[in-house]
Amino acid sequence: MMPLQPSPKKRFARRPGRNSLRRSHKKRARRAKKDRDVKHTILSKKMMEVLRYRKQGMTLGQIAEIYGTSRADICVTEKRARQKIMKAMITLNALRFLDVTPICTFRQGSDLMDVTAAFYAEMAKRGIPLPEDPMELINRLRSENTERIHGRLIKKDIDIYLLNDGEIYSR
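Residues numbered from 1 in each chain as written. Predicted model: local features only at pLDDT ≥ 70, side-chain atom pairs only at ≥ 80, totals over all residues. Heavy atoms only, no water.

## Focus on the pattern of salt bridges
Taken as a whole, this structure holds 9 salt bridges when the rule is applied. Residue R82 pairs with E78 through a salt bridge whose shortest N-O separation is 3.1 Å. Of this pair, R82 and E78 both sit in helix α4 (residues 71–96), 4 residues apart, which is roughly one turn of the helix. Given the relative accessible area of 46%, R82 is considered partly exposed. A salt bridge links R148 to E147; the nearest nitrogen and oxygen atoms lie 3.7 Å apart. Since its relative accessible area comes to 22%, R148 is described here as partly exposed. Classification of E147 as partly exposed rests on a relative accessible area of 45%. A single salt-bridge network, built from bridges that share partners, covers R54, E78 and R82. (Salt bridge = Lys/Arg side-chain N within 4 Å of Asp/Glu carboxyl O. Helix = DSSP H or I, 4+ residues; strand = E, 2+ residues; numbered from the N terminus. Buried < 20%, exposed > 50% of the residue type's maximum accessible area, 1.4 Å probe, protein only.)

This is the structure we're talking about:
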């Protein structure tokens, strides 16, 4: 039989001392000072810089060299930044369309030219100013609703709304 050996003494987890707390506070303060310019944005400083570099035409490899990291890391940073921007845009659009006034609906199977003339008459009746040229409105409707309009024919219903700022919105 093997002789029993005394068990090693257990060490208790050490509580952080006063100095270590002070150090962590200083780190947080330094980090806050460093990020002060992007404090009120949803993008980090690195995300903003990566987007700026990409806009200047730099490749992922060149940006990775600047940061001393991999191309994959820069790619992920750029992707997350673009996702955050898209979420912010969707949120702003949702806020913008909270108090819209429905104006009319262009029905499926209608002629775009006939509907536009009726729309102009309705808007004049309400006293809402519109562009002088109906073709400007038609071209805008076509560009915003490419899947709903074919030539002059309306394939799917198009709802027209008036926003609070006087802008006309279709969907």
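## Some words on the pairing of strand β4 (residues 158–162)
The buried fraction of β4 is high, at 4 of 5 residues. Direction of pairing for strand β1 (residues 101–106) relative to β4: antiparallel, over a ladder of 5 bridges. When the bridges of β4 are listed, C104 appears paired with I160. Relative to strand β5 (residues 168–170), β4 is paired through 3 bridges, and the arrangement is antiparallel. Pairing of L162 across the sheet is with I168, part of β5. The turn joining β4 and β5, which pair antiparallel and follow one another in sequence, is formed by 5 residues; a positive phi near 90° is taken by G166. (Pairing = 2+ DSSP bridges.)

## Regarding the packing of helix α5 (residues 112–126) against helix α6 (residues 134–144)
In helix packing, the relevant descriptors are the interaxial angle and the interaxial distance, both defined with respect to the helix axes. As a packed pair, α5 and α6 sit with axes 11 Å apart at the nearest point and diverge in direction by 120°. In terms of axis orientation, α5 runs oblique to α6. Crossing hand, α5 versus α6: right-handed. Along its contact with α5, which presents L112, M113, T116, F119 and Y120, the element α6 presents P134, M135, L137, I138, L141 and R142. Looking at side-chain class alone, the contact of α5 with α6 contains 9 nonpolar, 1 polar and 1 charged residues. (Axes fitted to C-alpha atoms, helices over the stretch in contact; angles between N-to-C directions. Parallel < 35°, antiparallel > 145°, perpendicular 65-115°, else oblique. Left-handed = near helix turned anticlockwise from the far one by under 90°. Contact = heavy atoms within 4.5 Å. Nonpolar A, V, L, I, M, F, W, Y, C, P; charged D, E, K, R; others polar.)

## Observations regarding the side chain of T116
Within the secondary structure layout, T116 lies in helix α5. By relative accessible area, T116 is classed as buried at 2%. Filtering out sequence-adjacent residues up to four positions away, T116 remains in contact with P134, L137 and I138.

## As for α5
Over its 15 residues, α5 runs 21 Å from end to end, which matches the ideal 21 Å to within 8%, given 1.5 Å per residue. For α5, the full list of buried residues reads L112, V115, T116, F119, Y120 and M123. In an axial view of α5, the angular spread of the buried residues amounts to 140°, which keeps them on one side of the axis. Of the exposed residues in α5, the ones pointing more than 90 degrees away from its buried face are D114, A124 and K125. Considering only its buried residues, α5 is in contact with β1, α6, β2 (149–150), β3 (153–154), β4 and β5. G127, located one to two residues past α5, shows a positive phi value of around 80°. (Expected span 1.5 Å × (residues − 1). Arc of directions from axis to C-beta.)

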